[in-house]
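One-letter residues, chain by chain:
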Protein chains: 2
Amino acid sequence: MLSNNIWCVIMAGGSGTRFWPISTSKVPKQFQIVEGTDKTFIQTTKSRFDGLVPPERTIVVTNRKYVPQVRENLPDIPQENILAEPYSRDTAPCIAYAMYTILKRDPSAIMIVTPSDHLILGLEKFHKTISFLSEGLHEYDVLVTMGISPTRPDTNYGYIQVDGLPEEGTPIKVKTFTEKPDAELAKVFVSSGEFLWNSGIFIWRAATIRSEMEKYLPQLVSQFTGWEKAIGTPAEEEFIEKAYAGIEKISIDYGVMEHTDMAWTCPCTMGWYDVGTWESLYSVFPDTKKDADGNAVSAGAVMAQNSHDNIVISADKSKLVALCDLDGYVVVDTGSVLMVGPRNDKRLRDFTSGLLKKEYEKYR
Amino acid sequence: MLSNNIWCVIMAGGSGTRFWPISTSKVPKQFQIVEGTDKTFIQTTKSRFDGLVPPERTIVVTNRKYVPQVRENLPDIPQENILAEPYSRDTAPCIAYAMYTILKRDPSAIMIVTPSDHLILGLEKFHKTISFLSEGLHEYDVLVTMGISPTRPDTNYGYIQVDGLPEEGTPIKVKTFTEKPDAELAKVFVSSGEFLWNSGIFIWRAATIRSEMEKYLPQLVSQFTGWEKAIGTPAEEEFIEKAYAGIEKISIDYGVMEHTDMAWTCPCTMGWYDVGTWESLYSVFPDTKKDADGNAVSAGAVMAQNSHDNIVISADKSKLVALCDLDGYVVVDTGSVLMVGPRNDKRLRDFTSGLLKKEYEKYR
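Residues numbered from 1 in each chain as written. Chains lettered and ligands numbered in written order. Predicted model: local features only at pLDDT ≥ 70, side-chain atom pairs only at ≥ 80, totals over all residues. Heavy atoms only, no water.

1. Overview of the interface of chain B and chain A
Reports of interface size often rely on the accessible area that becomes lost once the parts have come together. Threshold: The contact rule is simple, with two residues in contact once any of their heavy atoms fall within 4.5 Å. Two parts lose some accessible area (1.4 Å probe) when they are put together, and adding that loss for both gives the buried area. Should a side-chain nitrogen of Lys or Arg be within 4 Å of a carboxyl oxygen of Asp or Glu, the pair is scored as a salt bridge. Pairs of N or O atoms within 3.5 Å make up the polar contacts considered here, provided that, within protein, one atom can donate a hydrogen while the other can accept it, and that residues adjacent in sequence are counted only when both atoms are side-chain atoms. Helix and strand definitions follow DSSP, with helices as H or I runs of at least four residues and strands as E runs of at least two, each counted in order from the N terminus. Whether two strands pair depends on DSSP finding at least two bridges between them.
Taken residue by residue, the interface counts 37 residues in chain B and 37 residues in chain A. Interface area for chain B against chain A, summed over the two sides, is near 3000 Å², with a carbon-plus-sulfur share of 59%. For the chain B face of the interface with chain A, the top three residues by lost area are Met303(B), Leu338(B) and Phe351(B), together amounting to 23%. Connecting chain B to chain A are four salt bridges. Asp333(B) is the salt-bridge partner of Lys319(A), the closest N and O atoms lying 2.6 Å from each other. Seen at the junction of chain B and chain A, the total is 22 residue pairs in polar contact (both at pLDDT 80 or more). Of all the secondary structure elements, the ones that give two or more residues to the side of chain B that touches chain A are strand E13 (301-305), strand E15 (320-324), strand E16 (329-333), strand E17 (337-342) and helix H12 (345-352) of chain B. With six residues, the single largest contributor to the side of chain B that touches chain A is E17(B). As paired elements, strand E17 (residues 337-342) of chain A and E15(B) share four bridges and run parallel to each other. Across the sheet, the residue bridging to Leu338(A) is Val321(B), located in E15(B).

Spelled out as structure tokens, the structure:
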């Protein structure tokens, strides 16, 4: 176990738009089973901290409507550690809510903040680095984000620039943050050798992120005025409802990390996968579930001819999926939705935005 | 009504391989609903003869396993007019069985033989021509097949060569038959102006086709030795079982029409569609069921982007079909099978031959 002032915050408020139709607003990605396992993404995330942080120091922040699913997925998390957001307002408000909750219980707390829908396959390295960083923060007043050595010019990630990549596991000060660059810029970044991907996993002292939020997100902080009296009391729900009503959507990256002078990172090759895109889903598909033509298959019978590199997912395992002359597509049959589209994430993101139309509401 | 020695023979033994997965061995095409109507193909075929041939002079030949479906589809056809083949042996044995059945009841009979899964949209012309031809056969000893002026070099049809196309509705002697030519030959045929498509609708006297079968299909005919005593009696089933056991697959075109000196044809522009191919299904799809991008849709909700000229069929009308970047494909979801493949019939025919593998048996 890590020191008893080290807390884990699992951000689980995602509403399942990126992976539609597998992920829907009813069952977003964090509550979906990780392909090839019997655990959901949020269960996998929580178990990553088994032996490091106990359930009573694990906080889960989610949208109010997903509280029952969080309880079902993580039955050993105390009820008071599940924080219900009335609206989804991106990561900065979510982190603020968790921060005030933790501060009330332990002003000296160190927070490890993690998304609930990533995969980390190199658990040993992850444990080593997260232990080293969180324990180290007893002495340093910095905001650390774990960095990943980029393997391709992916335009779906945030990039962190440093002054020459340090050794694996060695923290270094951040020069700049760039969120989702275009393809050309991403290529330059990757080939320069000065950039890491932002894993979205943060480690900091609660007091440090608090002071930086007060500096860079005063409007957000002002919405939480009076938190000391409200949080952890019967008044909390109403307090949070009012606070969120006046909060704008903003990520912690845009809101704090890009501005602060205290941002550090630490490269860690821990087998990290965002799995926030079809491309990354394809890359984490177990080899045993890819056929000789590179089709990643989670379905019953498949009959394929001249079809390569597709993602084929069918909820009904008694169904035959027959593919002819199809390359690089996503074919998903959830039972209520059948989607056939290119494995190109930009295209599909653009496409699924069409779901906002009223007529498709029930399929979201 | 036509003269009371004119009979109609509906060939309904097709086993549903061409239109898989819509058409399956359980419910082949003749028992499927015609898109945009509430009638099945076989019902549409039978009703095409309403007012011309009464049910008691209508014979339906089908595979033994489809007898219940024929009864359900055509309840006014007398039971003794539904002929059950123990095995499917193509059109020549099917026609022989019908011919002997009719000869037993009326040696002077004239037979109109028709497939059960075609569409004819120009009913008036069809009625006029079929009446003219069948009544005309009281005086002529020829085998007539109705001809269709070709509109494209389709390689899925049989072609009939004549010595210069006559007026619409005028019979002419056939020079040659060519079944399913290759693309190049089909182009030459169409541009020559000397060819018609073979509609597969035949008109002849039972006695004439009998003598030509005796001449060109002696082995087949020999299998029916003793028909006079067996057909129409309790011995019929066993007799037919034995006869078919020794019969080889052969079509009436290969077996008789290509050899006989008595073949005639008659061009008739009657809005004929084989609908035996996805291309022809696409062409008969009602305009009201095609969207602005040319997608032929028989489904509930469809959300399409940059997707053109597809055939989209979903049995579950509450399901959303979402298509992105897909052109010229067939997307069919029957509930037990999802097929995505090119609208190219040759490709799909080749593809669905893969169904013969044991592992796909239950999906056929």
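Picking up after the structure, the text goes on.
2. What to know about the pairing of E16(B)
Residues and elements named next belong to chain B. Cut-off, in case you're wondering: Relative accessible area decides the class of each residue, using a 1.4 Å probe on protein chains only: under 20% of the type maximum gives buried, over 50% gives exposed, and in between gives partly exposed.
In terms of residue burial, E16 counts as a mostly covered element, since five of its five residues are buried. Of the two faces of E16, the one lined by Tyr329, Val331 and Asp333 and the one lined by Val330 and Val332 are each fully buried. The pairing of E16 with E17 spans five bridges and is antiparallel. When the bridges of E17 are listed, Asp333 appears paired with Leu338. The turn linking E16 back onto E17 is made up of three residues, and Gly335 within it adopts a positive phi angle of 105°.

3. Digging into the layout of surface pockets
Residues and elements named next belong to chain A. Selection criterion: For cavity detection a 1 Å grid was placed over the protein atoms alone, and a set of points counts as a cavity when a 1.4 Å probe fits there but cannot get out; an open set counts as a pocket when protein lies on both sides within 12 Å along at least five of seven lines, with lining residues being those that have an atom within 4 Å of a point. Grid points are joined across faces, edges and corners, and a volume is the space filled by probe spheres set on the points.
Quantified by volume, the second largest pocket comes out at close to 1400 Å³. What lines the second largest pocket is a set of 45 residues, and nearest its centre among them are Gly14, Arg18, Asp90, Thr91 and Asp117. Elements represented by at least two residues in the lining of the second largest pocket include exactly helix H3 (91-105), strand E9 (195-205), helix H10 (252-257) and helix H12 (345-352).

4. Quick word on the pattern of salt bridges
All names here are of chain A. This model, assessed by the stated rule, comprises 34 salt bridges over all chains. Asp117 is paired through a salt bridge with Lys29; the nearest N and O atoms lie 3.5 Å apart. Of this pair, Asp117 sits in the loop between strand E4 (110-115) and strand E5 (119-120) while Lys29 is found in the loop between strand E1 (6-11) and helix H1 (41-47), placing the two residues 88 residues apart along the sequence. Looking at Asp117, the relative accessible area reads 15%, which means it is buried.

Remember that the coordinates give geometry; whether it matters functionally is a separate question.
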